[in-house]
Amino acid sequence: MTTEITRERITDQVGDVRYDQFLFYLMGPYKSFNLNYVLSESERDEIDIADLPGPLRTLFQNKDEIDAAKGLLRRVQGSLRADPGVNAFLAIDIDIDTDDVDAATQSIEFARCSNATAFILPFLGHNFGVGEEAGSILERLADTHGDRMVFVHEDEVTSAMIRSASVRWDLRIETYETAAELVDTLRRFAGGVMHRERRGDLDRLD
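The rules behind these values
Residues numbered from 1 in each chain as written. Predicted model: local features only at pLDDT ≥ 70, side-chain atom pairs only at ≥ 80, totals over all residues. Heavy atoms only, no water. Helix = DSSP H or I, 4+ residues; strand = E, 2+ residues; numbered from the N terminus. Buried < 20%, exposed > 50% of the residue type's maximum accessible area, 1.4 Å probe, protein only. Contact = heavy atoms within 4.5 Å. Areas by Shrake-Rupley, 256 points an atom, 1.4 Å probe, with all protein chains shown as cover. Salt bridge = Lys/Arg side-chain N within 4 Å of Asp/Glu carboxyl O. Phe/Tyr/Trp six-rings, centres within 6.5 Å; stacked < 30°, edge-to-face > 60°. Axes fitted to C-alpha atoms, helices over the stretch in contact; angles between N-to-C directions. Parallel < 35°, antiparallel > 145°, perpendicular 65-115°, else oblique. Left-handed = near helix turned anticlockwise from the far one by under 90°. Expected span 1.5 Å × (residues − 1). Arc of directions from axis to C-beta. Pairing = 2+ DSSP bridges.

Let's shift gears to the overall build of the protein. Each helix and strand counted, the protein has 8 helices and 5 strands in total. What you see in the protein, going N to C, is helices and strands ordered as α-β-α-α-α-β-α-β-α-β-α-β-α. For the protein, buried positions account for 45% of its 206 residues. Considering only intrachain contacts with a sequence separation of at least 6, the fraction spanning at least 24 residues in the protein is 75%. About 10900 Å² of surface is accessible on the protein, with carbon and sulfur atoms providing 45% of the total.

If you trace the backbone, His 153 turns up in strand 4 (residues 149-154). Apart from the residues lying within four places of it in its own chain, the contact partners of His 153 are Leu 121, Ile 162, Ile 173, Glu 174, Thr 175 and Tyr 176.

Looking now at the pattern of salt bridges. In total, this model carries 8 salt bridges according to the counting rule given. The closest approach of N and O atoms between Asp 184 and Arg 187, which form a salt bridge, is 3.6 Å. One end of the pair, Asp 184, and the other, Arg 187, are both in helix 8 (residues 179-199), 3 residues apart, so they sit about a helical turn from each other. Overall, Asp 184 belongs to the partly exposed group, its relative accessible area being 36%. For the salt bridge of Arg 199 with Asp 201, the shortest nitrogen-to-oxygen distance reads 2.3 Å.

Here we take up the packing of aromatic side chains. All told, the structure shown has 5 aromatic pairs when counted by the stated rule. When the centroid spacing of 5.2 Å and the interplanar angle of 15° are considered together, the rings of Tyr 25 and Phe 89 count as stacked. Linking Tyr 25 in strand 1 (residues 19-27) with Phe 89 in strand 2 (residues 86-89), this pair joins segments that are 64 residues apart in sequence. Judged by relative accessible area, Tyr 25 falls into the buried class, the value being 2%. Taken together, the ring pairs connect Tyr 25, Phe 89 and Phe 110 into an aromatic cluster.

Their axes nearest at 10 Å, the elements helix 4 (residues 68-82) and helix 8 cross at an angle of 45°. Compared by their axis directions, helix 4 and helix 8 come out oblique. Read as a crossing pair, helix 4 and helix 8 show a hand that is right-handed. Where helix 4 approaches helix 8, its residues Leu 72, Val 76, Ser 79 and Leu 80 are matched on the opposing element by Ala 179, Leu 182, Val 183, Leu 186 and Arg 187.

This part takes up helix 8. Taking 1.5 Å per residue, 21 residues should reach 30 Å; helix 8 reaches 30 Å between its end C-alpha atoms and fits that length. Of all the positions in helix 8, only Leu 182, Val 183, Thr 185, Leu 186, Phe 189, Ala 190, Val 193, Met 194 and Glu 197 are classed as buried. Around the axis of helix 8, the buried residues are gathered within 165° of arc, so they sit on the same side. When the buried face of helix 8 is taken as reference, the exposed residues oriented beyond 90 degrees from it are Arg 188, Arg 198 and Arg 199. If you follow the buried residues of helix 8, they end up packed against strand 1, helix 4, strand 2, strand 3 (116-121), strand 4 and strand 5 (172-176). Backbone geometry just downstream of helix 8 places Gly 200 in the positive-phi region, at approximately 95°.

Moving on, we come to the pairing of strand 4. Buried residues dominate strand 4, accounting for 6 of its 6 residues. With burial as the criterion, each face of strand 4 is covered, one bearing Met 149, Phe 151 and His 153 and the other bearing Val 150, Val 152 and Glu 154. Bridging between strand 3 and strand 4 involves 5 bridges; their strand directions are parallel. Bridge assignment links Thr 117 to a residue of strand 4, and that residue is Met 149. In this structure, strand 4 lies alongside strand 5, joined through 5 bridges in parallel fashion. In the sheet register, Phe 151 faces strand 5, and the bridge partner there is Ile 173.

Okay, the pairing of strand 1 next. Where strand 1 and strand 2 come together, 4 bridges link them in parallel fashion. By the bridge assignment, Leu 23 is partnered in strand 2 with Asn 87. The pairing of strand 1 with strand 3 spans 4 bridges and is parallel. Of the residues in strand 3, the one forming a bridge with Met 27 is Phe 119.

Next comes the structure, spelled out in structure tokens:
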């Protein structure tokens, strides 16, 4: 039996905010990037961590301490659910086994069901998987949902995916320096989508 992803299924699991029917799908890395992913132990030993800029020093953190990116997503989610009260959610909030529906398909369907989708790329995030899934979503949904999607990346983050999202799909790209700026940007984006739905520029999904 195929597991169906619907707006009703999502709201049943993450509802109870002021605007229950405004679904805001937040995509981002759940793990912080770690130089253990790309450097051998001997290569790391040759680097004097004290000489590195602050953000880069953090990349040398232990593997047991790589949940900062997920923590950021959770704080952003909580802020948006409190004010303006939109139904912000992460993929892991919806209890669907990847053996039933693979992760990429889940992301596409979550974005299809959502009033707004944000691809959040922090500097310390392990962003490679996010970029791949974002590309899959955009290939499938850019023509119909492009006005409902935004890339928001920390100032230091640059990637071919961000550049192609802007050029190939004409996707809105925003930057931020602090978590507070990130939240403010997403609030404005959600408010803009909501206003366009009310005005009739975008179809209402509820």
